[in-house]
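If you want the building blocks of each chain, they are given just below.
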Amino acid sequence: MTEPLLPVNQAVVSIAPDKLLGFQRQVSGIEDLTFLTFGEPGFDTPAVVKEATIAAINNNRSHYGNSQGEPGVRKAILGYMKDRYDLDYPSIDNVVVTVGVTEAMQSIFKTLIAKGEGLLIPEPAYGSYFASLSLADGVAVPIDTAKNKFKLTPALVDEALAQATVPVRAILLNYPNNPTGVTYSKEELEELAACFKKHQIWVISDEIYSELTYAHDHYSIGKLLPEQTLVVNGLSKSHAMTGYRLGFILGPASVMQYIQKVHGSLTYSVPTFIEDGAETALQMTRAELDYMKESYQDRRDFAKQALEDLGFDVVDPEGAFYLFAKIPADFGTDGWTFAEKLAEEGKVAVIPGAAFSHFKEANAYIRISYATAQDQLEIGFAKLRDYIEKARANR
């Protein structure tokens, strides 16, 4: 690679490449590849949302909007969060509308974490968090949840804080979790909330998969610890609106005013016609969206059983649309090599577990997305089964 003529910011140069995106690029040129990698809903955006967005464009809703979010969509967000999760916020001033969850995270990190300060990140975790934190000059303080079946506990938090070499300002809690699919009950969250309150750290709660829980309804930690929690959510997964890039942050108005400063400098505002479409989406009932969740649950059950029949050890997938699976013992413990060979020889793309964690326990795992359409899922698993059977027969 040719070096740039002039030097660039070393903070950007030193950001570690995203392993998830890197692996996808690595295998993307393989012919006849079935992708079980993307967190892309296997559905189109609901028709009423598309119609509202088109109507907004036709009505010339294409000018600068309110930087914090149009009042109508922020009011709809408050209603949605109250209806779904019984979260009560007094005013639209408690909401900032962002360009997806990624921008929400950047705005939060730059607001809460000063240079050299730490953020607790339970791993495995979505790789984009680490790049966003680096851009904020923060320091990742990872927690290895593999010690407890990939679930965070107060004891793990206490241990991480005791061993941290930098001042820790916040913890990033993502549930249902990408990549493991684990989530938390109200009782588990109550224990964690007491721990976070004791240590007086901010809680950044990424709840983008909150509508996709299967054993029980999602419970937001924002209800337990509203004074020190920032709840992050959006419409990408719940409403099949990934391309709309509509996210939002809710929290105490006293800190939201500062998050808004950062958000305004990063993007100024979300397009108004997108917000109009989002306002319609937020007014849809759960019943109108259940067809997606029910289908994901069917796909999850199909995929989990298929993996277990082949000898994979699958983390209990309570939410989201991913399976985090330990490769069969007779294939060793190198999930990266397994995923490479599966792509090259079996023509199926999955993501190595090492893309989500710095800890060695994740190396033996792969992540499979079952968000894709059912026919593609069945094709992918037929290929996976053929690959496993042939590999075993040839030994």
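What you are looking at is a predicted structure, and each value in this text was computed from that prediction instead of being measured. (Residues numbered from 1 in each chain as written. Predicted model: local features only at pLDDT ≥ 70, side-chain atom pairs only at ≥ 80, totals over all residues. Heavy atoms only, no water.)

Peer 1: Give a description of the overall build of the protein chain that names residues and reports values.
Peer 2: The helix and strand tally for the protein chain stands at 13 helices and 13 strands. Relative to the compact-globule value of 21 Å for 395 residues, the protein chain shows a C-alpha radius of gyration of 21 Å, a close match. Taking the principal axes of the C-alpha coordinates as reference, the protein chain spans close to 65 × 55 × 50 Å. Classification of the 395 residues of the protein chain by burial places 55% in the buried group. Long-range contacts, defined here as pairs at least 24 residues apart, represent 77% of the contacts in the protein chain between residues at least 6 apart. For the protein chain, the computed accessible surface area is about 17,100 Å², with 52% contributed by carbon and sulfur atoms. Averaging the coordinates of the 36 positive side-chain charges in the protein chain and doing the same for the 51 negative ones gives two points 3 Å apart. (Helix = DSSP H or I, 4+ residues; strand = E, 2+ residues; numbered from the N terminus. Rg over C-alpha atoms; globule rule 2.2 N^0.38 Å. Buried < 20%, exposed > 50% of the residue type's maximum accessible area, 1.4 Å probe, protein only. Contact = heavy atoms within 4.5 Å. Areas by Shrake-Rupley, 256 points an atom, 1.4 Å probe, with all protein chains shown as cover. Lys, Arg positive; Asp, Glu negative; His and termini not counted. Charge placed at Lys NZ, Arg CZ, Asp CG, Glu CD.)

Peer 1: Report on the packing of aromatic side chains, specifying residues and quantitative values.
Peer 2: Scanning all chains against the criterion turns up 19 aromatic pairs. Relative to Trp336, the ring of Phe23 has its centre 5.4 Å away and its plane inclined at 85°; by these criteria the two rings are edge-to-face. Within this pair, whereas Phe23 is found in helix H2 (residues 19–27), its partner Trp336 is found in helix H12 (residues 335–346), the two being separated by 313 residues in sequence. On the basis of relative accessible area, Trp336 is assigned to the partly exposed category, the value being 23%. (Phe/Tyr/Trp six-rings, centres within 6.5 Å; stacked < 30°, edge-to-face > 60°.)

Peer 1: Go over the sheet that holds strand E6 (residues 202–206), please, and point to the residues and values.
Peer 2: Within the open sheet, the seven strands sit side by side as E2-E8-E7-E6-E5-E3-E4. Their pairing is mixed. At either end of the open sheet lies a strand with only one pairing partner, and these are strand E2 (95–99) and strand E4 (139–144). Each adjacent strand pair in this sheet contributes to an overall mean axis angle of 25°, direction not counted. Pairing of strand E7 (residues 229–234) with strand E8 (residues 246–250) involves four bridges; the strand directions are antiparallel. Each residue of the ladder has a partner; that of Asn233, found in E8, is Phe248. (Pairing = 2+ DSSP bridges. Axes fitted to C-alpha atoms, helices over the stretch in contact; angles between N-to-C directions.)

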